[in-house]
Structures are given as C-alpha cells and as structure tokens.
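# Structural characterization, general
These are the residues of each chain, in order.
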Amino acid sequence: MAVHNHEYLFLAIFLGAALAFCVTPLALARLWAAWVSPAKPGVEKQASYECGVAARGDAWVQFRSEYYLYGIVFLVFDVEAIFLLPFAVAFMGLSVGAVLAMAIFLLLLVEGWVWAWRKGILTWQ
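Calculation notes
Residues numbered from 1 in each chain as written. Predicted model: local features only at pLDDT ≥ 70, side-chain atom pairs only at ≥ 80, totals over all residues. Heavy atoms only, no water. Helix = DSSP H or I, 4+ residues; strand = E, 2+ residues; numbered from the N terminus. Buried < 20%, exposed > 50% of the residue type's maximum accessible area, 1.4 Å probe, protein only. Areas by Shrake-Rupley, 256 points an atom, 1.4 Å probe, with all protein chains shown as cover. Phe/Tyr/Trp six-rings, centres within 6.5 Å; stacked < 30°, edge-to-face > 60°. Patch = residues over 30% accessible without salt bridge, like charges linked within 9 Å, V, L, I, M, F, W, Y side chains within 5 Å. Salt bridge = Lys/Arg side-chain N within 4 Å of Asp/Glu carboxyl O. Expected span 1.5 Å × (residues − 1). Bend = angle between axes of the 7 residues up to and from the residue. pLDDT = per-residue confidence, 0-100. Contact = heavy atoms within 4.5 Å. Axes fitted to C-alpha atoms, helices over the stretch in contact; angles between N-to-C directions. Parallel < 35°, antiparallel > 145°, perpendicular 65-115°, else oblique. Left-handed = near helix turned anticlockwise from the far one by under 90°. Nonpolar A, V, L, I, M, F, W, Y, C, P; charged D, E, K, R; others polar. Lys, Arg positive; Asp, Glu negative; His and termini not counted.

### What about the overall build of the protein chain?
On a plain count of helices and strands, the protein chain comes out with 4 helices and 0 strands. By the burial criterion, 6% of the 125 residues in the protein chain qualify as buried. Summed over its atoms, the accessible surface of the protein chain is roughly 11800 Å², and 72% of this surface lies on carbon and sulfur atoms.

### Let's talk about the packing of aromatic side chains
Per the stated rule, a full pass over the model turns up 4 aromatic pairs. Each ring, one from Phe83 and one from Phe105, has its centre 5.9 Å from the other, and the planes form 75 degrees; the classification is edge-to-face. With Phe83 in helix 3 (residues 65-89) and Phe105 in helix 4 (residues 96-119), this residue pair connects regions lying 22 residues apart in the sequence.

### Things to note about a nonpolar patch on the surface
Side chains of Val61, Phe63, Tyr67, Tyr68, Tyr70 and Trp124 sit close together on the surface and give an oily, nonpolar patch of about 710 Å² of accessible area. Along the chain, Tyr67 falls in helix 3. A relative accessible area of 39% places Tyr67 in the partly exposed class.

### Comments concerning helix 1 (residues 9-36)
One turn of the α-helix equals 3.6 residues, which is why residues spaced by three or four share an orientation. A rise of 1.5 Å per residue sets the reference length of helix 1, with its 28 residues, at 40 Å; its end C-alpha atoms lie 39 Å apart and thus fit the reference within 8%. Helix geometry: helix 1 is bent most strongly at Val23, by close to 25 degrees, with proline Pro25 lying one to four residues after it.

### Some thoughts on the confidence of the model for the protein chain
Reading fine detail from the predicted coordinates is not recommended where pLDDT is low. Summarising the model, the protein chain shows a mean pLDDT of 83, and 90% of its residues fall at 70 or more. Here helix 2 (residues 43-46) stands out as the element of the protein chain with the lowest mean pLDDT, 73, in contrast to helix 1, whose mean of 93 is the highest.

### Structural notes on helix 4
With 24 residues, helix 4 extends 34 Å from end C-alpha to end C-alpha; this agrees with the ideal 34 Å at 1.5 Å per step. Among the residues of helix 4, Met102, Leu109 and Ala116 are the ones counted as buried. Close packing links the buried residues of helix 4 with helix 3.

### A few points about the packing of helix 3 against helix 4
Between helix 3 and helix 4, the least distance of the axes is 12 Å, while the angle of their chain directions is 160 degrees. As judged from the angle between their axes, helix 3 and helix 4 are roughly antiparallel. At the point where helix 3 passes helix 4, the crossing takes the left-handed sense. Every residue of helix 4 that contacts helix 3 at Val73, Val76, Phe77, Glu80, Phe83, Leu84 and Phe87 is listed here: Ala98, Val99, Met102, Phe105, Leu106, Leu109, Trp113 and Ala116. Classifying every residue of the contact of helix 3 with helix 4 gives 14 nonpolar, no polar and 1 charged.

### A short note on the environment of Gly71
Along the polypeptide, Gly71 turns up in helix 3. Taking relative accessible area as the criterion, Gly71 reaches 28% and is therefore assigned partly exposed. Separated by 51 residues in sequence, Gly71 and Leu122 place their C-alpha atoms 9.9 Å apart.

### Digging into the side chain of Glu80
Residue placement: Glu80 occurs in helix 3. Of the side chains bearing the opposite charge, Arg118 lies closest to the buried Glu80, which forms no salt bridge; the N-O distance is 19 Å. Not counting residues up to four positions away in its chain, the partners in contact with Glu80 are Phe105 and Leu109.

And the structure:
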C-alpha cells in the first residue's frame, strides 16, 4: 500500500507534527517546573505583592473605562505612525494605487480620530 493512495495522510501527519511542535515544549516546561521548583505553599507565598508594599483593602478595584479607551486610541495612533514612515520614505517612487491606498488609510484614521473626539475620549478628566 503506497502513501500516495491516501489523500489525507499527509494532512494528518502535518497536523500531528504541528500539535507535537506546540505541545512538546509546554509538556517539557511543566515537567521541568515540577522537578526544579516543587510547590511549597505558605502564608508569604500566597500573599499579594506589589513593589514591596503590603496590600490593604480589597484587590478588586473598579477602573473607569475611559482609561482603557484612551490607551487604545493612543495605541492606534502610535501604530499608525509605523505605517506612515515607510510611505513617507518611498513617497516619490510609489504608484497611484499605493498613494490611493494610503489616502484611504489616512481617511479612516481621521474618521476614527473624529469619532474619538466627539465621544470625548480624548478629553482627560
């Protein structure tokens, strides 16, 4: 029986190799951690730790969603600068299609900025 008679055998082997490639390092890390650092629970190990300051009160503190939205908007505009840099460097050698694609990108970016501005996300309170 030849291997080429089974159409999906290659896919099954490939899937098995992919799973082994992912699972093997995780299993080895788990075994290494169990062997090198056995669990020794205690009061000090179970305590919350932040910069050497003893925790006071409840650990569940509600944060305002504006902080997260402000951070996400910052990341969007920060990553946008990464996309604009190659465009600016190669501006004179680009085709009309590339300039149109960048114009659409900038239009969507400005639209997001106007949306964030109207929602008041950019206003720090």
